[in-house]
Amino acid sequence: MASVTIDIGALRHNLDVIRRLAPKSRVMAVIKANAYGHGLVKVARALDAADAFAVARVEEGLTLREAGIKARILLLEGVFDSEQLDAAAAADLELVVHCPEQIELLRAAQPGTTATIWLKLDSGMNRLGFKGDAFREAHASLSALPGLRTPLNVMTHLSSADSPELPTTAEQLLVFSAATRSLAGERSVGSSAAILKFPESHADWVRPGLMLYGISPFPRVSGAEHGLRPVMTLRSRVIAVKDVAEGEQVGYGGDWTATRPTRLAIASIGYGDGYPRSAASGTPVLVNGEFAALAGRISMDMLAIDVTETRQRVKVADPVVLWGEGLPVEEVALWAETLAYTLVCGVTSRVVSTAQE
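K.L.:
Which parts of the structure should I look at to understand the overall build of the protein?
P.N.:
In terms of helices and strands, the protein carries 11 helices and 18 strands. Projected onto its principal axes, the C-alpha coordinates of the protein cover approximately 75 × 40 × 35 Å. Put simply, the protein has 357 residues, and 52% of those count as buried. For the protein, the proportion of contacts with a sequence separation of at least 24, taken over those separated by at least 6, is 63%. Accessible surface computed for the protein: about 15900 Å², of which carbon and sulfur atoms make up 52%. Of the side chains in the protein, 35 bear a positive and 40 a negative charge, and the two mean positions are spaced by 4 Å.

K.L.:
When you look at the environment of Leu286 in this model, what are you seeing that I'm missing?
P.N.:
Checked against the element boundaries, Leu286 lands in strand S14 (residues 284-287). The exposure class of Leu286 is buried, given its relative accessible area of 6%. When near neighbours in sequence (up to four residues on either side) are disregarded, Leu286 contacts Phe291, Pro319, Val320, Val321, Glu325, Gly326 and Leu327.

K.L.:
Got a minute to help me understand the pairing of strand S10 (residues 232-244) in this structure?
P.N.:
For a regular strand, side chains alternate in direction, first toward one face of the sheet and then toward the other. Sheet analysis places strand S1 (residues 3-7) next to S10, joined by four bridges and oriented antiparallel. Considered in S10, the bridge of Ile6 is made with Met232. As defined by bridge partners, S10 adjoins strand S13 (residues 262-267) across six bridges and the pair is classed as antiparallel. Paired with Val238 across the bridge in S13 is Ala267.

K.L.:
Looking at this structure, how should I read empty space enclosed by the protein?
P.N.:
It is a probe the size of a water molecule, rolled over the atoms, that shows where empty space is left. Considering all chains together, one arrives at one cavity of 30 Å³ or more under this definition. In this model, the largest cavity occupies a volume close to 40 Å³. Lys120, Leu121, Asp122, Ser123, Met125, Arg127, Leu128, Thr156 and His157 are the residues that line the largest cavity. Of the residues belonging to the lining of the largest cavity, the class tally is three nonpolar, three polar and three charged.

K.L.:
Would you mind going over the pattern of salt bridges with me for this structure?
P.N.:
Summed over all chains, the structure comprises 19 salt bridges. Between Arg26 and Glu186 there is a salt bridge, and its shortest N-O distance comes to 3.3 Å. You can see Arg26 sitting in strand S2 (residues 26-30) and its partner Glu186 sitting in the loop between helix H8 (168-180) and strand S8 (187-188), a full 160 residues away along the chain. When its relative accessible area of 19% is taken as the criterion, Glu186 is described as buried. Of the charged contacts, one joins Arg297 and Asp255 as a salt bridge, the two residues approaching to 2.7 Å between their closest N and O atoms.

K.L.:
What exactly am I supposed to notice about the layout of surface pockets here?
P.N.:
In this structure, the largest pocket spans a volume of roughly 1100 Å³. Around the largest pocket sit 41 residues that line it, and Lys32, Tyr36, His157, Leu210 and Tyr341 are the ones nearest its centre. Broken down by secondary-structure element, the contributors of at least two residues to the lining of the largest pocket are helix H2 (32-36), helix H9 (192-197), helix H10 (329-336) and helix H11 (340-345). Within the lining of the largest pocket, the residues separate by chemical class into 23 nonpolar, eight polar and 10 charged. Put simply, the second largest pocket is a space of about 150 Å³. Residue lining of the second largest pocket: 18 residues in total, with Gly214, Pro230, Gly324, Pro328 and Glu330 positioned closest to the centre. A breakdown of the residues in the lining of the second largest pocket according to their chemical character gives 12 nonpolar, five polar and one charged.

K.L.:
Can you walk me through the side chain of Thr169 in this structure?
P.N.:
In this fold, Thr169 is placed in helix H8. In this structure Thr169 comes out as buried when scored by relative accessible area, which is 0%. Sequence-distant contacts of Thr169, defined by excluding residues within four places in its chain, comprise Leu158, Ser160, Ala161 and Phe198.

K.L.:
Teacher, can you tell me more about helix H6 (residues 100-107) here?
P.N.:
Given 3.6 residues to a turn, an α-helix orients residues that are three or four positions apart in the same direction. When we look at burial in H6, the residues that qualify are Gln102, Ile103, Leu105 and Leu106. The arc that holds the buried residues of H6, viewed along the axis, is 155 degrees, so those residues lie on one side. The inward-facing, buried residues of H6 contact helix H5 (82-90), strand S5 (94-97), strand S6 (117-120) and helix H7 (132-143).

K.L.:
Can you help me understand the nonpolar core in this one?
P.N.:
For soluble globular proteins, the rule of thumb is that nonpolar side chains tend to be buried together. With 113 residues, the main nonpolar core has Ile31, Leu142, Tyr275, Ile305 and Trp323 as its most contacted residues. With six residues, helix H1 (residues 8-21) is the single largest residue contributor to this core. Judged by nonpolar contacts, the second largest core, of eight residues, contains Val244, Val250, Ala258 and Ala295.

Definitions and cut-offs
Residues numbered from 1 in each chain as written. Predicted model: local features only at pLDDT ≥ 70, side-chain atom pairs only at ≥ 80, totals over all residues. Heavy atoms only, no water. Helix = DSSP H or I, 4+ residues; strand = E, 2+ residues; numbered from the N terminus. Buried < 20%, exposed > 50% of the residue type's maximum accessible area, 1.4 Å probe, protein only. Contact = heavy atoms within 4.5 Å. Areas by Shrake-Rupley, 256 points an atom, 1.4 Å probe, with all protein chains shown as cover. Lys, Arg positive; Asp, Glu negative; His and termini not counted. Charge placed at Lys NZ, Arg CZ, Asp CG, Glu CD. Pairing = 2+ DSSP bridges. 1 Å grid on protein atoms, 1.4 Å probe; cavity = no way out; pocket = protein on both sides within 12 Å on 5 of 7 lines; lining within 4 Å. Points joined across faces, edges and corners; volume = space filled by probe spheres on them. Nonpolar A, V, L, I, M, F, W, Y, C, P; charged D, E, K, R; others polar. Salt bridge = Lys/Arg side-chain N within 4 Å of Asp/Glu carboxyl O. Arc of directions from axis to C-beta. Core = buried A, V, L, I, M, F, W, Y, C linked by side-chain atoms within 4.5 Å.

As structure tokens, this is what we get:
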């Protein structure tokens, strides 16, 4: 009974917001991990005005090509064996190169293999990429290989743009500038947080992910505060209503005790659908558009909601919104002590997903 609605109009609105924030940059929409749980092909088709797409893995890029997506597509992790390289080249997928082994793969490629390369600088995140002299050597090695389109493009990733009070981002931008100043080719640095807080990071390409889906990358801030609209709304319905007396316990372990005569609504959704088991009692939900609060532990298929004080008398089949329209997923994430990324990416396959304009 749980369902997800994907608001296509909100996706396009959020892309427009990004273009206004970074008017001199092209937009590479990050749609990895099934478009952050929103539906890979569905989102790519909705964002046909994006200049390119970025995914993590070869399989995601091939799925897009099979669906008829003709835009530029970048593999953020690159390729890791000759089979992946051949498939990526045949589908004209662009490649991030971030380690020596990937250079060797390209050196050993079949004659006639062509590819567009984005060489990744490790400017301080210490995850992927080349540092210092190794970056310069990698650039020279790749530039000498036949079949690779030149000039090479360059990129990096910022570790702490969502904490703009830290000096880290400014330091990484200086490292990137110094390492790439003399190089031709396109540049890409800024993801969602940097787009919002560090305009000096915008470069030729920005790579928005989370904000495309209407979600803020900053703690205790909602997407609406950036002018964004939520794209995913997670819904269910009430399947039972019951009254419990003061002092009675609710759910597994009896973690929640009624402090007054209480009316409970049981909704057909739980951690088997991707709603976080860590969501605490008191987490807000919407029932018939009114705020109510979770009561007790989340079960695999159900959860209990205290609807004692709602204006409308709740009944079976009434609608429940868990996050999205009217209830920011960022707020639910705070109550669940997790990240909004985790919530939207975690919706399971048994939840029916539909798109609306």
